[in-house]
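One-letter residues, chain by chain:
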Amino acid sequence: TQLLEQSPQFLSIQEGENLTVYCNSSSVFSSLQWYRQEPGEGPVLLVTVVTGGEVKKLKRLTFQFGDARKDSSLHITAAQPGDTGLYLCAGGPAQGGSEKLVFGKGMKLTVNP
Amino acid sequence: GAGVSQTPSNKVTEKGKYVELRCDPISGHTALYWYRQSLGQGPEFLIYFQGTGAADDSGLPNDRFFAVRPEGSVSTLKIQRTERGDSAVYLCASSLTGGGVDTQYFGPGTRLTVL
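These numbers were taken from a predicted model, which means no experiment stands behind them. (Residues numbered from 1 in each chain as written. Chains lettered and ligands numbered in written order. Predicted model: local features only at pLDDT ≥ 70, side-chain atom pairs only at ≥ 80, totals over all residues. Heavy atoms only, no water.)

1. Considerations on the side chain of glutamine 6 of chain A
Residue and element names in this part refer to chain A. Cut-off, in case you're wondering: Runs of E in the DSSP output that reach at least two residues are strands. Runs of H or I that reach at least four are helices, and both are numbered from the N terminus. Only protein chains enter the accessibility calculation, which uses a 1.4 Å probe. A residue is then buried if its area is under 20% of the maximum for its type, exposed if over 50%, and partly exposed in between. N or O atoms closer than or at 3.5 Å make up a polar contact, with two conditions inside protein: a donor-capable atom paired with an acceptor-capable one, and, for residues adjacent in sequence, both atoms drawn from side chains. Contacts: residue pairs with any heavy atoms within 4.5 Å of one another.
Tracing the chain through its elements places glutamine 6 in strand β1 (residues 5–7). Overall, the relative accessible area of 8% leaves glutamine 6 in the buried class. Among the polar contacts made by the side chain of glutamine 6, one reaches the main-chain carbonyl oxygen of tyrosine 87 at a distance of 3.0 Å. Among the polar contacts made by the side chain of glutamine 6, one reaches the main-chain amide nitrogen of cysteine 89 at a distance of 3.0 Å. If we skip the residues at most four places from it in the chain, glutamine 6 touches Val21, Tyr22, Cys23, Trp34, Tyr87, Leu88, Cys89, Gly104, Lys105, Gly106 and Met107.

Structure representation (structure tokens):
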């Protein structure tokens, strides 16, 4: 069974601070996706990383896929209250496997003004 | 354009009852997925449709759960003899082709409460 562990699970910070969320697994994934989910809504895709060592930037968010494609990190610079939400990582299908996503439990971020 | 829609948004039922949850995917998307999200957890895969057929139903927890997609568009998740442990948010997602890193677009979910 493929599992993704996220840490920390909860984080409450002040506006302007930086933070990093980690997503780790003992399994290899063909892709790693990061989602943001707000209360009462479904997850919304932020980014997909597919190549080991890949780094992608989305404004103040930086995503990295580990060299071995087993782990990933999300770094947010100068967090803003609008960044508040649940951040989920999800592993994409292994080569030749089902198309299902395997999700971590998520990191609940609160950014206080 | 319209996103994935799910109805009802909330469903409260009694233990032992039958429920149906509906998902309308994005028009033209051939792949459709059902996930279940319990409180404090990430979404957990239930079943994946490619067109009308269930390509992977390995996530369905037991035979009380069943899903259909008869015309390759709308899907219905059916739960028989509901139990309190079935209480969760049921999420539906669709993607254009279902292949590789195809983006899955999620609906807002149906919150099921079994009393």
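2. Looking at the nonpolar core
Soluble, globular proteins show a tendency: their nonpolar side chains are buried together. We apply this condition: To form a nonpolar core, buried Ala, Val, Leu, Ile, Met, Phe, Trp, Tyr and Cys residues must be joined to one another through side-chain atoms within 4.5 Å.
Core analysis: the biggest nonpolar cluster contains 22 residues, and Leu19, Leu32, Trp34, Leu74, Ile76 and Leu109 of chain A have the highest contact counts within it. When residues of this core are traced back to their parent elements, those giving at least two are β3 (19–24), β4 (32–37), β5 (44–49), β7 (61–65), β8 (71–76), β9 (85–91) and β11 (107–112) of chain A. Core analysis: the second largest hydrophobic core is formed by 20 residues, Cys23, Ala88, Leu112 and Val114 of chain B among them.

3. Quick word on the side chain of serine 94 of chain B
Residue and element names in this part refer to chain B. You can see serine 94 is positioned in strand β9 (residues 88–95). Looking at serine 94, the relative accessible area reads 0%, which means it is buried. Engagement of the side chain of serine 94 in a polar contact is seen with the backbone nitrogen of isoleucine 26, the distance being 3.3 Å. With residues near it in sequence (within four places) discarded, serine 94 still touches Val4, Pro25, Ile26, His29, Ala31, Leu32, Tyr33, Thr103, Gln104 and Tyr105.

4. Let's talk about the interface of chain A and chain B
Definition in use: Put simply, a salt bridge is a Lys or Arg side-chain nitrogen that is within 4 Å of an Asp or Glu carboxyl oxygen. Side-chain classes are defined by residue name, with Ala, Val, Leu, Ile, Met, Phe, Trp, Tyr, Cys and Pro counting as nonpolar, Asp, Glu, Lys and Arg as charged, and the others, Gly among them, as polar.
In this complex, chain A contributes 21 residues to the contact, which on the side of chain B involves 21 residues. Our count for the contact surface shared by chain A and chain B stands at zero salt bridges. The tally of links between chain A and chain B comes to three residue pairs in polar contact (both at pLDDT 80 or more). Going through the elements one at a time, β4, β5 and β9 of chain A are the ones with two or more residues in the side of chain A that touches chain B. When residues in the side of chain A that touches chain B are grouped by element, the largest group, three residues, is from β4 of chain A. In terms of residue class, the side of chain A that touches chain B is made up of nine nonpolar, eight polar and four charged.

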